[in-house]
Amino acid sequence: MMKKNRMMRLASVLLVAVILTTCAISGTFAKYVASGNGSDSARVAKFGVTVTGTGETFAKTYEKHDGSFTVAANTVVSTEDVVAPGTSGSMAAFTLTGTPEVAVKVTFAGTLELGDKWVDSASAYYCPIEVTVGSTVFKGTTYASAAEFETAVNDKIATYSKDYAANTDLSTIGVDAPAISWKWAFTGNDDVKDTYLGDQAAAGNAATISLDVTATVTQID
């Protein structure tokens, strides 16, 4: 009888163990599961901008304007770039290419430099050069100093800076660049002072002029 009772208790324990094991397995393999994923990729935005310009603003020779002069085709001839009464020139327009995928600012910075030798026989400032930026004419004789003349021209060139939207074809914005030219009028200035400048050049004390213009393309944040 006792043996039978032990067998019944053992069977009961095994039954409970089976039930517990079944519950554990059921809990392991039958549960709610959810998952998600986010993915993206990108490349560097295109820039690919090229800016080119030339510095052929001044020359060694200048063609004649007086048809009565028959000796040669040029009335000004030198081994260096020079300016003289009756001469003129222009700065070739900048060429920009590229279609950047970013917004950009195109800035123009001018540096007109005259030095301190544009003076008359009394050592007073005198510069008969005229510089035209766009449609604005700057006459050197209307300023009190070379520094004032330089500043006026440089400030005007800077006003041509402009913003452009992303994907703008920069080869189409040439009309926005400043057209720059210069001249030394043959008449209308002070002949005595003009002659003094020429004599000083012959004596190795020549006044000089230089014009540098830089175009820069910069991304806008």
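The notes below deal with the structure included here.

The rules behind each value
- Residues numbered from 1 in each chain as written.
- Predicted model: local features only at pLDDT ≥ 70, side-chain atom pairs only at ≥ 80, totals over all residues.
- Heavy atoms only, no water.
- Pairing = 2+ DSSP bridges.
- Helix = DSSP H or I, 4+ residues; strand = E, 2+ residues; numbered from the N terminus.
- Axes fitted to C-alpha atoms, helices over the stretch in contact; angles between N-to-C directions.
- Phe/Tyr/Trp six-rings, centres within 6.5 Å; stacked < 30°, edge-to-face > 60°.
- Buried < 20%, exposed > 50% of the residue type's maximum accessible area, 1.4 Å probe, protein only.
- Salt bridge = Lys/Arg side-chain N within 4 Å of Asp/Glu carboxyl O.
- 1 Å grid on protein atoms, 1.4 Å probe; cavity = no way out; pocket = protein on both sides within 12 Å on 5 of 7 lines; lining within 4 Å.
- Points joined across faces, edges and corners; volume = space filled by probe spheres on them.
- Nonpolar A, V, L, I, M, F, W, Y, C, P; charged D, E, K, R; others polar.
- Core = buried A, V, L, I, M, F, W, Y, C linked by side-chain atoms within 4.5 Å.
- Contact = heavy atoms within 4.5 Å.

### Description of the sheet that holds strand β8 (residues 136-139)
With antiparallel pairing, the four strands of this open sheet are ordered in space as β4-β10-β7-β8. The open sheet has two edge strands with one neighbour each: β4 (88-91) and β8. With direction set aside, neighbouring strand axes in the sheet form an average angle of 20°. By the bridge criterion, five bridges tie strand β7 (residues 129-133) to strand β10 (residues 180-184) in an arrangement that is antiparallel. Pairing of T132 across the sheet is with S181, part of β10.

### Some points on the packing of aromatic side chains
This structure, assessed with the given rule, holds four aromatic pairs. With centroids separated by 5.2 Å and ring planes inclined at 45°, the aromatic side chains of F58 and W182 adopt a geometry described as tilted. Of this pair, F58 sits in the loop between β1 (50-52) and β2 (59-63) while W182 sits in strand β10, and the two are 124 residues apart along the sequence. Judged on exposure class, the residue F58 and its partner W182 are both buried. On the numbers, 6.1 Å between centres and 65° between planes, the contact of W118 with W184 is edge-to-face. A residue pair is termed long-range when its members are at least 10 positions apart, and W118 in the loop between β6 (104-113) and β7 and W184 in strand β10 qualify at 66 residues. Aromatic ring contacts, followed pair by pair, group F58, Y62 and W182 into a single cluster.

### As for the pattern of salt bridges
The full count for this structure, using the stated rule, is five salt bridges. With a shortest N-O distance of 3.7 Å, D120 and K193 are connected by a salt bridge. With D120 in the loop between β6 and β7 and K193 in helix α3 (residues 191-202), this residue pair connects regions lying 73 residues apart in the sequence. The class for K193 is partly exposed, based on a relative accessible area of 27%. Between D176 and K162 there is a salt bridge whose closest N-O contact spans 3.7 Å. Of this pair, D176 sits in the loop between β9 (162-164) and β10 while K162 sits in strand β9, and the two are 14 residues apart along the sequence. Note on K162: relative accessible area 40%, which makes it partly exposed.

### Points about the layout of surface pockets
Here the largest pocket defines a volume of roughly 540 Å³. Lining the largest pocket are 18 residues, with V82, V83, A201, A206 and A207 sitting closest to its centre. At the level of elements, β3 (74-82) and α3 are the ones that each hand at least two residues to the lining of the largest pocket. Here the element with the most residues in the lining of the largest pocket is β3; it accounts for five residues. In terms of residue class, the lining of the largest pocket is built from 13 nonpolar, three polar and two charged.

### Observations concerning the nonpolar core
Counting 39 residues, the largest nonpolar core has L114, W118, I129, V131, V153 and I157 as its most contacted members. Going through the elements one at a time, β6, β7, α2 (146-158), β10 and β11 (210-219) are the ones with two or more residues in this core. Of the residues forming this core, the biggest block, five residues, is contributed by α2. When residues no more than four places from it in sequence are discounted, the contact partners of V131 are L112, T136, V137, F138, F149, V153, I180, S181 and W182.

### Focus: the sheet that holds β6
Within a sheet, neighbouring strands are paired by backbone hydrogen bonds and run either parallel or antiparallel to one another. Ordered by their spatial adjacency, three strands build an open sheet running β9-β6-β11, and the pairing between neighbours is antiparallel. Whereas interior strands pair on both sides, the edge strands pair on one side only; in this sheet they are β9 and β11. Ignoring which end each strand starts from, the neighbouring axes of this sheet average 20° apart. Helix-sheet contacts for α2 involve β6 and β11, and the interaxial angle to β6 is about 165°.

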